[in-house]
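As a plain string of letters, each chain reads:
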Number of protein chains: 2
Amino acid sequence: MSQRIKIKALLASTETGKDVTVKGWVRTFRNNQFIALNDGSTNSNIQIVVDFENTDAALLKRITTGAAISVVGELVQSLGKGQTVEVKAKEIKILGDSDPEKYPLQPKKHSLEFLREIAHLRFRTNTFGAIFRVRNSLAFAVHQFFQERGFVYLHTPIITASDAEGAGETFHVTNFDIANPPKTDTGEIDYKQDFFGRATNLTVSGQLEGELGAMALSDIYTFGPTFRAENSNTTRHLAEFWMIEPEMAFYDIVDNMDLAEAMLKYVIKYALDNNKEDIEFLTQRLTEEEKQKPQNERSEMSLLEKLQFCLDNDFERLTYTEAIEILRESTPNKKKKFQYQVEGWGTDLQSEHERYLVEKHFKKPVILTNYPKEIKSFYMRQNDDGKTVAAMDILFPGIGEIIGGSQREERLDKLEQRMDEIGIPKDELWWYLDTRRFGACPHAGFGLGFERLVLFVTGMGNIRDVIPFPRFPKNAEF
Amino acid sequence: MSQRIKIKALLASTETGKDVTVKGWVRTFRNNQFIALNDGSTNSNIQIVVDFENTDAALLKRITTGAAISVVGELVQSLGKGQTVEVKAKEIKILGDSDPEKYPLQPKKHSLEFLREIAHLRFRTNTFGAIFRVRNSLAFAVHQFFQERGFVYLHTPIITASDAEGAGETFHVTNFDIANPPKTDTGEIDYKQDFFGRATNLTVSGQLEGELGAMALSDIYTFGPTFRAENSNTTRHLAEFWMIEPEMAFYDIVDNMDLAEAMLKYVIKYALDNNKEDIEFLTQRLTEEEKQKPQNERSEMSLLEKLQFCLDNDFERLTYTEAIEILRESTPNKKKKFQYQVEGWGTDLQSEHERYLVEKHFKKPVILTNYPKEIKSFYMRQNDDGKTVAAMDILFPGIGEIIGGSQREERLDKLEQRMDEIGIPKDELWWYLDTRRFGACPHAGFGLGFERLVLFVTGMGNIRDVIPFPRFPKNAEF
């Protein structure tokens, strides 16, 4: 079977006149003559020209949308539009039939909602083929970016006993028969008898463990699944999603911003370079979709332009305090058009505020720094003003927060004091505090929600469409 | 802070006479004069030469093992042995102290067992620095191998409702208050009220979902965590481990073997090329360790030789049936030296048998194929003999099974028949069966246990030492 050529390579081939073997799935079969064949290696199909007069009618009938076939034929210059080469079939074999009456993917436009219900088949559409090839490129680009800079990829634990961050509700992990868990004499669940000898949950972040690695290896990053048991039915939340969390020793908040901006630009450029055709297809898809919206809700830029714009412009950097000033003086705030009015310093920014800054005011990605300590996590480094921490959030058009990070508090006394204030149990995090006891140093890191990045680069509107099998309330199908 | 140079780059530098800034953790401080400084970028330390006569005594006292320091100084040719350059310190800053009375990592040899208890600090040792840099390289090499071949990296779900493979016990995932889960009228747990609206668990394999991707994208691979709630306290098992699972449309069992062998050779070569120093260190470590064993238990080859040997030799390919013949006729079997006597055809091979084939008989990696269907999974393709399936296991010296794979059963009737025989509920796997209903094709895939690969390449003896924070019965620390 080794002589099979993938369609991506075939379409780039100039060796017409040669016999080739190509395999894939039928997208359409026109006039008993033209098969559009796709094998997932590219968004484009290769056209197979069938000599229908000399082909068995029974075989022709089996060339249906979704069928898997193998074709041997001559690669020839194409006379038709939209392709340079095509295959003049000499031999066609049906590998797997696809009953056109029953095949759920008809050769017509299906709604994204419907395709979500048949997520096992949606890879076979142009849109989802493109999305998952782009997702693949972005994932690899993340690795390549960090590898080029000497970072160590660290697998932090998925099952953990700590929810130190208190960031959200966690999923319990247990080996108990839930109908009948063992109890102690006092009637409480006896977690000593559970698999790990204690109550455990799914991780919400690998950061704390990542810091342990950075305090020896200098620069590390994680890339793994994280979990939130939040009952959010939105287009921006998943119960299971992938995060990238680099941690760097000897970095301050500015180094951290520089790295995050460089990383985002690197991975977007990688996708543009390697998935041109997919992104062009997705750009067209989005433009079509937006045509159904009123003019004032359409983007000023196409997807491709938006991505290029991100590469060409420095991200705007300003403090939370400056952002509050801008928002307070903004037209929508004065005209009370925000759902949440921006009054004083200290409140958290809502999505509408972030989007105003990015999409209306600066019209480019924004990095906000130095947030009030009350609205940020205990591990963020306290600034000298006693009010703010060295946090940074990167806000993207259409997405809102895509990265959250900070310089970490390396001073043991400050860290313990903050943990006491918030009520985080220090004994559970003895290992985290140890890194502040022995050889502490300034360090920083951030977290990138991978699906939010994929949303941005593919221009899709619902996060459930950029992960193969989304997990959300009441759904764990496939 | 940007002018800091990592030690790996510094040691390769020839620009003596220049001032450099270097940061890291003190490994040792000899004679108030020579600091061995490490920053995790390499196994080697840079020597910092301190002008102790002109350095504050209070500062000198704080240069202790484990302290984080920043040094500015001149890069000079080293006169000492073991390094070509060193740094003549002009300015030393203590970034973080490390009380020598309390620091758990003393400058002496600690046992691996002890280091496991302080896994948050063990990254700071030569051994674990080397292990996790090698692990990093292997992970990246896996990605690069598949990317070069046009595979799509697919994130299959971690939380799932299916334990289709029935491969092992699974961990339950729930959002319930375990002390008080909601019940139905008939007194059973009411999973409809759980987060996902059904009982869910942690995945044991991404294969089945991976196949769904391959049936559209041709070639995919997963690289993610998988879980087994087996109560195994061995040096070969973890409750949480990482798996790589490629699935390829239009591949048969031979293509599958070719790909697996090429992948193993590629990633081992990548580590040898990129982690020469780490692997040399680990080779020496293993040789030292083996010196404490009786002569006949020592390896014939050093670690480095073993890795090179894998690259230089074709893996031996034979059928299960042939292997049984060899084992039945083997000296240990005849002399009843095996714990499990090899009698007839059909029994599963034990670790001792696999190791005999690999280490004694063939003295190289072995690929066994065509196992009896009774001892393999339902999705493996049935051979025409009616007795065997197109399975393949790759066996490695010292490790045993490192890869398990097969051609998959693409024929709906054969697959359903086997599921019925074994009692696997077909309605739960409707989506898996759909890929056999619509456009099925011959395809194959395999699973590589990533930690077993890291074990092999690092020469370590316990799987708990090659993952940052191991999860096993009664342990979920950090």
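Predicted model only: the values in this text are computed from it and were never measured.

**With respect to the side chain of D278 of chain A**
Residue and element names in this part refer to chain A.
Then step 1. Along the chain, D278 falls in helix α7 (residues 276-291).
Then step 2. Under the relative-accessibility criterion, D278 is labelled buried at 4%.
Then step 3. If we ignore the near neighbours within four places in the chain, the residues touching D278 are N43, A130, R133 and V134.

**Some points on the domain arrangement of chain A**
All names here are of chain A.
Then step 1. According to the domain assignment, chain A contains domain 1 (7-107) and domain 2 (124-169 + 204-465).
Then step 2. On a C-alpha basis, the centres of domain 1 and domain 2 stand 44 Å from each other.
Then step 3. Taken together, the contact pairs 10 residues of domain 1 with eight residues of domain 2.
Then step 4. Here domain 1 meets domain 2 over a buried area of about 790 Å², counting both sides, of which 32% is carbon and sulfur.
Then step 5. Here domain 1 is connected to domain 2 by zero salt bridges.
Then step 6. Among the residues forming the side of domain 1 that touches domain 2, the class breakdown is three nonpolar, six polar and one charged.

**Some words on the relation of the copies chain A and chain B**
Then step 1. Each copy of the sequence occupies a distinct position, and chain A is placed on chain B by a rotation of 180° and an axial shift of 0.0 Å, giving an RMSD of 0.0 Å. On this basis, the relationship between the two copies can be described by a two-fold rotation axis. Taking C-alpha positions as the reference, the residue of chain A nearest the rotation axis is V173 of chain A, at 2.5 Å.
Then step 2. A share of 100% of the interface residues of chain A reappears at the interface of chain B, consistent with the copies meeting face to face through the same patch.

**Section: the pairing of strand β10 (residues 219-227) of chain A**
All names here are of chain A.
Then step 1. For β10, the tally of buried residues reaches nine of nine residues, placing the bulk of the element in the interior.
Then step 2. Across two bridges, the pairing between strand β6 (residues 152-153) and β10 is parallel. Looking at the pairing, V152 lines up with I220 of β10.

**Considering the sheet that holds strand β2 (residues 34-38) of chain B**
Residues and elements named next belong to chain B.
Then step 1. With mixed pairing, five strands are arranged side by side around a closed barrel as β1-β2-β3-β5-β4. Taken over all neighbouring pairs, the strand axes of this sheet differ in orientation by 55° on average, direction set aside.
Then step 2. Relative to strand β5 (residues 85-96), strand β3 (residues 46-49) runs parallel, the two sharing three bridges. Bridge pairing in β5 places V49 opposite K88.

**Re the sheet that holds strand β16 (residues 443-449) of chain A**
Residue and element names in this part refer to chain A.
Then step 1. Reading across from one edge, β6-β10-β11-β16-β15-β14-β13-β12 is the order of the eight strands in this open sheet, with mixed pairing throughout. In this open sheet, the two strands that pair with only one neighbour each are β6 and β12 (316-319).
Then step 2. Bridge count for β10 against strand β11 (residues 240-249) is nine bridges, and the pairing is antiparallel. The residue of β11 that forms the bridge with Y221 is P246.

**Brief notes about the interface of chain A and chain B**
Then step 1. Each side of the interface is counted separately: chain A has 116 residues, and chain B has 117 residues.
Then step 2. Of the roughly 9,300 Å² buried at the junction of chain A and chain B (both faces included), carbon and sulfur atoms supply 64%.
Then step 3. Along the contact surface separating chain A from chain B lie four salt bridges.
Then step 4. A salt bridge links R198 of chain A to E477 of chain B; the shortest N-O distance between them is 3.7 Å.
Then step 5. Here chain A and chain B share 45 residue pairs in polar contact (both at pLDDT 80 or more) between them.
Then step 6. Residue contributions to the side of chain A that touches chain B peak at 10 residues, all from helix α4 (residues 126-148) of chain A.
Then step 7. For the side of chain A that touches chain B, the residue count by class is 58 nonpolar, 30 polar and 28 charged.

**A few points about helix α5 (residues 207-217) of chain B**
Structural remark: α-helix, 3.6 residues per turn; residues separated by three or four positions point the same way.
Residues and elements named next belong to chain B.
Then step 1. Most of α5 is tucked away, with 11 of its 11 residues classed as buried.
Then step 2. Looking only at α5, the buried set comprises Q207, L208, E209, G210, E211, L212, G213, A214, M215, A216 and L217.
Then step 3. Immediately downstream of α5, the backbone of S218 shows phi near 75°, a positive value.

**Regarding the pattern of salt bridges**
Residues and elements named next belong to chain B.
Then step 1. Tallied over the entire structure, the rule returns 68 salt bridges over all chains.
Then step 2. With a closest N to O distance of 2.8 Å, D465 and R116 form a salt bridge. Placement of the pair is D465 in the segment after α14 (450-458) and R116 in helix α3 (residues 112-117), with a sequence separation of 349 residues.
Then step 3. According to the relative accessible area criterion, D465 is buried, its value standing at 0%.
Then step 4. On the accessibility criterion, R116 (16% relative accessible area) is buried.

**Points about the packing of helix α4 (residues 126-148) of chain B against helix α7 (residues 276-290) of chain B**
All names here are of chain B.
Then step 1. At a closest axis distance of 9 Å, the pairing of α4 and α7 adopts a crossing angle of 130°. With respect to α7, the axis of α4 lies oblique. Where α4 crosses over α7, the handedness of that crossing is left-handed. Residues N126, T127, A130, I131, R133 and V134 of α4 form the contact with α7, whose participating residues are D278, I279, F281, L282 and R285.
Then step 2. Tallied by class, residues from the contact of α4 with α7 come to six nonpolar, two polar and three charged.

**Examining the pairing of strand β15 (residues 400-408) of chain B**
Side chains on a regular strand alternate between the two faces of the sheet.
All names here are of chain B.
Then step 1. Counted residue by residue, β15 has seven buried out of nine residues, so it is predominantly covered.
Then step 2. Sheet topology places strand β14 (residues 388-396) next to β15; six bridges connect them, and they run antiparallel. Note on β15: the bridge partner recorded for F396 is G400.
Then step 3. Linking β14 back to β15 in an antiparallel pair, the connection comprises three residues, with G398 at a positive phi of about 80°.
Then step 4. Relative to strand β16 (residues 443-449), β15 runs antiparallel, the two sharing six bridges. Opposite I403, over in β16, you have L448 as the bridge partner.

Basis of the calculations
- Residues numbered from 1 in each chain as written.
- Chains lettered and ligands numbered in written order.
- Predicted model: local features only at pLDDT ≥ 70, side-chain atom pairs only at ≥ 80, totals over all residues.
- Heavy atoms only, no water.
- Helix = DSSP H or I, 4+ residues; strand = E, 2+ residues; numbered from the N terminus.
- Buried < 20%, exposed > 50% of the residue type's maximum accessible area, 1.4 Å probe, protein only.
- Contact = heavy atoms within 4.5 Å.
- Domains from an automatic or database assignment.
- Buried area = accessible area lost by both parts, 1.4 Å probe.
- Salt bridge = Lys/Arg side-chain N within 4 Å of Asp/Glu carboxyl O.
- Nonpolar A, V, L, I, M, F, W, Y, C, P; charged D, E, K, R; others polar.
- Least-squares fit on C-alpha atoms with pLDDT ≥ 70 in both.
- Pairing = 2+ DSSP bridges.
- Axes fitted to C-alpha atoms, helices over the stretch in contact; angles between N-to-C directions.
- Polar contact = N/O pair within 3.5 Å; in protein donor to acceptor, adjacent residues only side chain to side chain.
- Parallel < 35°, antiparallel > 145°, perpendicular 65-115°, else oblique.
- Left-handed = near helix turned anticlockwise from the far one by under 90°.

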